[in-house]
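Architecture at a glance
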Amino acid sequence: MIQQFERLANDLVVAASHENEAEVGRIDARIQGLTDRLFRIRARSRSEILAQIGFFKRLAQKNWEDGSSVTRYTDAMTSLFERYMDPGVGLKPEAARLAPVPVQDGYDPSVHELALDCLQERVAIIGLDYRYIYCNKRNAEFHRTLPSEFIGRPLFDFIDMERFQTRAKPNLDRCFAGACLSYDYEVADPSGRMIEVNCRMTPFTGADGSTVGAMLVMTTHPIYAHAS
């Protein structure tokens, strides 16, 4: 069904390029119907669960400029997580017994996202194009927005360009080249309070072992906490 969706998406692009409104409408209706069917399917294995959730993750990434679409697809992902998990336990027994599936295409969502959302640290994954692949709830809360607002957007949308060029980008480039980094800096939080941040960067690899981005883990402390 996912392959059928991809074929319809390609057909939609062709119809739109020829300005065939009738064909665009027909294909769009089929796409919406297929998307609903893909959401309603109850996966029977871990691989099917990851494929199903990954489908909506990729839709959110492809439509990152459309806030309503991102919200719709991330809501679908949340519903799927709730469908396949028991509160406080993890994957339901029939799925938990299955062997894990290796990550493909850089990053696919999994139950590990839920674990990352429980951390006190701010966590983000930045792609080689300096755009967000992932943001946990703690990091989104620091910026007073939602995790879905980060997906597909460049890092410099959330920090000023000077900080991006002088600090973030050089360190990311080193991380993309294979280095694990840890450094401290001071910055004002959204309320204007000065804080100290320790940022740890680790190369983020795909299924084939190649680097597809960097994982950032940021620990924050108020400046006054270190005063004697």
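See the structure above.
Scoring rules and cut-offs
Residues numbered from 1 in each chain as written. Predicted model: local features only at pLDDT ≥ 70, side-chain atom pairs only at ≥ 80, totals over all residues. Heavy atoms only, no water. Helix = DSSP H or I, 4+ residues; strand = E, 2+ residues; numbered from the N terminus. Expected span 1.5 Å × (residues − 1). Buried < 20%, exposed > 50% of the residue type's maximum accessible area, 1.4 Å probe, protein only. Arc of directions from axis to C-beta. Pairing = 2+ DSSP bridges. Axes fitted to C-alpha atoms, helices over the stretch in contact; angles between N-to-C directions. Contact = heavy atoms within 4.5 Å. Phe/Tyr/Trp six-rings, centres within 6.5 Å; stacked < 30°, edge-to-face > 60°. Salt bridge = Lys/Arg side-chain N within 4 Å of Asp/Glu carboxyl O. Core = buried A, V, L, I, M, F, W, Y, C linked by side-chain atoms within 4.5 Å.

1. So, helix 2 (residues 21-40)
Taking 1.5 Å per residue as the helical rise, helix 2 with its 20 residues ought to reach 28 Å, and the 29 Å between its terminal C-alpha atoms agrees with that figure. Of the residues making up helix 2, those classed as buried are Ile27, Ile31, Leu34, Thr35 and Leu38. End-on, the buried residues of helix 2 take up no more than an arc of 105°, which puts them together on one face. Opposite its buried face, helix 2 presents the exposed residues Glu21, Ala22 and Arg40, each directed more than 90 degrees away.

2. Topic: the sheet that holds strand 7 (residues 211-222)
If you walk across this open sheet you meet the five strands as 4-3-7-6-5, and the pairing is antiparallel. The open sheet has two edge strands, strand 4 (132-135) and strand 5 (181-188), and neither has a second partner. The average angle at which neighbouring strand axes cross in this sheet is 25°, direction not considered. The sheet strands contacting helix 8 (residues 161-176) are strand 3 (122-127), strand 5, strand 6 (194-205) and strand 7, and the helix crosses strand 5 at an angle near 160°.

3. Regarding the packing of aromatic side chains
Summed over the entire model, instances satisfying the criterion amount to seven aromatic pairs. The interplanar angle of 70° and the centroid separation of 4.9 Å between the aromatic rings of Tyr132 and Phe150 together place this pair among those described as edge-to-face. Here the residue Tyr132 occupies a position in strand 4, and Phe150 occupies one in the loop between helix 7 (137-142) and helix 8, the gap between them amounting to 18 residues. In this structure, Tyr132 and Phe150 share a single accessibility class: buried. Put simply, the rings of Tyr130, Phe156, Phe164 and Phe176 pair up and form one aromatic cluster.

4. A look at the pairing of strand 4
Here strand 3 runs beside strand 4; their pairing, made up of three bridges, is antiparallel. Of the residues in strand 4, the one forming a bridge with Ile125 is Tyr134. Following strand 3, the chain reverses through four residues before pairing antiparallel with strand 4; Tyr130 in that reversal takes a positive phi of roughly 70°.

5. Here's the deal with the pattern of salt bridges
Summed over all chains, the structure comprises four salt bridges. For Arg138, the salt bridge goes to Glu141, with nearest N and O atoms at 4.0 Å. You can see Arg138 and its partner Glu141 sitting in helix 7, three residues apart, about one turn around the helix. Overall, Arg138 belongs to the partly exposed group, its relative accessible area being 29%. Note that Asp157 is salt-bridged to Arg153, the shortest N-O span being 3.3 Å. On the accessibility criterion, Asp157 (38% relative accessible area) is partly exposed.

6. Quick look at unusual backbone geometry
Residue Tyr130 is not a glycine yet carries a positive backbone phi of 70°. Turning to its location among the elements, Tyr130 is positioned in the loop between strand 3 and strand 4. Tyr130 sits in the buried class, given a relative accessible area of 17%.

7. So, the pairing of strand 5
Side chains of strand 5 alternate between two faces, with Leu181, Tyr183, Tyr185 and Val187 buried and Ser182, Asp184, Glu186 and Ala188 left unburied. When strand 5 meets strand 6, the two strands line up antiparallel, connected through eight bridges. Each bridged residue has a counterpart across the sheet, and for Glu186 the counterpart in strand 6 is Glu196.

8. Quick look at the nonpolar core
Counting residues in hydrophobic clusters, the biggest one holds 27 residues, and the most contacted among them are Tyr132, Leu155, Leu172, Met201 and Leu216. For this core, the secondary structure elements donating two or more residues are strand 3, strand 4, helix 7, helix 8, strand 5, strand 6 and strand 7.

9. As for the side chain of Asn171
In this fold, Asn171 is placed in helix 8. Not counting residues up to four positions away in its chain, the partners in contact with Asn171 are Leu181, Tyr183 and Met201.

These figures capture arrangement, not role.
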